[in-house]
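In case you want the letters, here they are:
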Amino acid sequence: MTTSPSEKAERAARLERQLSRLFTWTVLIGAVAWGLLAAVIGTVTVIGQLITDRFAVTLLADAPLPASASAGTARLTSGTFDSADVTIAGLSTLPRFLLTLEGSTALATTLLVSATVVYFCWTVLRRRPFTRPVFWLVALVGYALIIGTILGQGFGGIGRMIAAGELNGDPIDGFWPMATLVDLAPAGTGLVLLVAAGAISLGQRLQRDTDGLI
């Protein structure tokens, strides 16, 4: 018994829809798990730092490598440490507040991204991916990533610089440089999401026009 081309196409389309739904469900469940895990880890970290008065931060460093770093047959010609992961206790109120604000901002942004992915996957499963709330959520996440990166990492950077100064004691000649690094990659992702929000808005208009023709 031979299968007609139309039957083959219908079977392929049905398989494609099933795989698409499976992938969408996988992403949805993963986003929920990611959001819950981030919420637990972020909350425990922030509360733990406040209770124990121990803040885990990464500070810039400019120190030579020890002699033991080149004790084998190979020989180092040069090398320095450019950063160090440290745990600090006894910070003053201002850096504690700034570092806590940075962690809270990152947690809120992560939860917002997770909620947006979950909602978008749900609308895809319902075959209504261009609903109005999706546009607002994607735009909100875009702005949150941009503003959260600038403010969150800005506050955290100032907090780490103050922490470095409090560790140095002598603000002029200390071990820890009075500088910090800011990763602007999340802000770039936010710009991409704003472009995606514009595409979703266009899709919504096309969908309304299509519904009006039916």
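Computed from a prediction, not measured in an experiment: that's the story for all the values here. (Residues numbered from 1 in each chain as written. Predicted model: local features only at pLDDT ≥ 70, side-chain atom pairs only at ≥ 80, totals over all residues. Heavy atoms only, no water.)

1. Some details on the overall build of the protein chain
We apply this condition: A helix here means a DSSP run of H or I that spans at least four residues, while a strand means a run of E at least two residues long, and both kinds are numbered starting from the N terminus. Exposure is judged per residue with a 1.4 Å probe applied to protein chains only, and the accessible area is read against the type maximum: over 50% gives exposed, under 20% gives buried, and values in between give partly exposed. Using a 1.4 Å probe, the Shrake-Rupley method yields the accessible areas, and only the shown protein chains count as cover for residues.
Within the protein chain one finds 4 helices and 2 strands. The secondary structure elements of the protein chain, listed N-terminal to C-terminal, are α-β-β-α-α-α. When burial is assessed residue by residue, the protein chain has 28% of its 214 residues classed as buried. Approximately 13800 Å² of the protein chain is accessible, and the part contributed by carbon and sulfur atoms is 68%.

2. A few points about the pattern of salt bridges
Opposite charge on two side chains makes pairing possible when the charged atoms of those side chains draw close. Selection criterion: In the sections that follow, a salt bridge refers to a side-chain nitrogen of Lys or Arg positioned within 4 Å of a carboxyl oxygen of Asp or Glu.
This structure, assessed with the given rule, holds 2 salt bridges. Across the pair Glu102 and Arg160 runs a salt bridge, and its minimum N-O distance is 3.0 Å. Taken as a pair, Glu102 in helix H2 (residues 93-125) and Arg160 in helix H3 (residues 132-168) lie far apart in primary sequence, 58 residues in all.

3. Topic: the nonpolar core
The nonpolar side chains of a soluble globular protein tend to be buried, and buried together. Our working definition: We define a nonpolar core as any set of buried Ala, Val, Leu, Ile, Met, Phe, Trp, Tyr and Cys residues linked to one another through side-chain atoms lying within 4.5 Å. Two residues qualify as a contact provided that any one of their heavy atoms is within 4.5 Å of a heavy atom in the partner residue.
Among the nonpolar cores identified, the biggest contains 11 residues, and these are Phe55, Val57, Leu59, Ala61, Val86, Ile88, Leu91, Leu99, Ala163, Ala164 and Trp176. The biggest single contributor to this core is strand S1 (residues 54-64), with 4 residues. Excluding residues within four positions of it along the chain, Ala61 makes contact with Phe81, Asp82, Ser83, Trp176 and Pro177. The next biggest cluster of nonpolar side chains, apart from the first, holds 6 residues, and it includes Val134, Phe135, Ala197 and Ile200.

4. Some thoughts on the environment of Ala56
Of note, Ala56 is situated in strand S1. Exposure remark for Ala56: the relative accessible area of 55% places this residue in the exposed category. For the pair Ala56 and Leu99, spaced 43 residues apart in sequence, the C-alpha separation works out to 9.5 Å.

5. With respect to the confidence of the model for the protein chain
Our working definition: Residue-level confidence of the predictor is summarised by pLDDT, bounded by 0 at the bottom and 100 at the top.
Per-residue confidence for the protein chain averages 80 on the pLDDT scale, and 87% of its residues sit at or above 70. For the protein chain, helix H4 (residues 185-213) is the element with the lowest average pLDDT, namely 74, and strand S2 (residues 80-89) is the one with the highest, namely 86.

6. Quick word on the side chain of Arg160
Formally: Under this definition, polar contacts are N or O atom pairs within 3.5 Å; protein pairs additionally need one hydrogen-donor-capable and one acceptor-capable atom, and for neighbouring residues in sequence, both atoms have to be side-chain atoms.
Residue classification places Arg160 among the buried positions, given a relative accessible area of 12%. Within the structure, the side chain of Arg160 is placed 3.0 Å from the side chain of Glu102, a separation counted as a polar contact. Setting aside its immediate chain neighbours within four residues, Arg160 contacts Val57, Thr58, Leu59, Leu99, Glu102, Gln153, Thr180 and Leu181.

7. Observations concerning H2
Which entries qualify depends on this criterion: By this rule the span expected of a helix is its residue count minus one, scaled by 1.5 Å.
The end-to-end C-alpha distance of H2 is 48 Å, a good match for the 48 Å that 33 residues give at a rise of 1.5 Å each. Downstream of H2 by a residue or two, Arg127 has a phi angle that is positive, lying close to 60 degrees.

8. Topic: the side chain of Gln49
Relative to the assigned elements, Gln49 resides in helix H1 (residues 5-52). Since its relative accessible area comes to 14%, Gln49 is described here as buried. Aside from chain neighbours lying at most four places away, what touches Gln49 is Arg54, Phe55 and Ala56.

9. Regarding the environment of Gly42
Here Gly42 lies in helix H1. Each C-alpha atom, one on Gly42 and one on Gly103, is 7.2 Å from the other, the two residues being 61 residues apart in sequence.

10. Topic: unusual backbone geometry
Positive phi is not limited to glycine here, since Asp53 has a value of about 60 degrees. Looking at where Asp53 falls in the secondary structure, it is placed in the loop between H1 and S1.

11. Looking at a nonpolar patch on the surface
We count it as follows: Residues forming no salt bridge and having over 30% relative accessible area are the ones grouped into patches, like charges within 9 Å of each other and nonpolar side chains (Val, Leu, Ile, Met, Phe, Trp, Tyr) within 5 Å.
Taken together, Tyr143, Ile147, Ile150 and Leu151 make up a surface patch of nonpolar side chains, about 400 Å² in accessible area. With respect to the helices and strands, the residue Leu151 is situated in helix H3.

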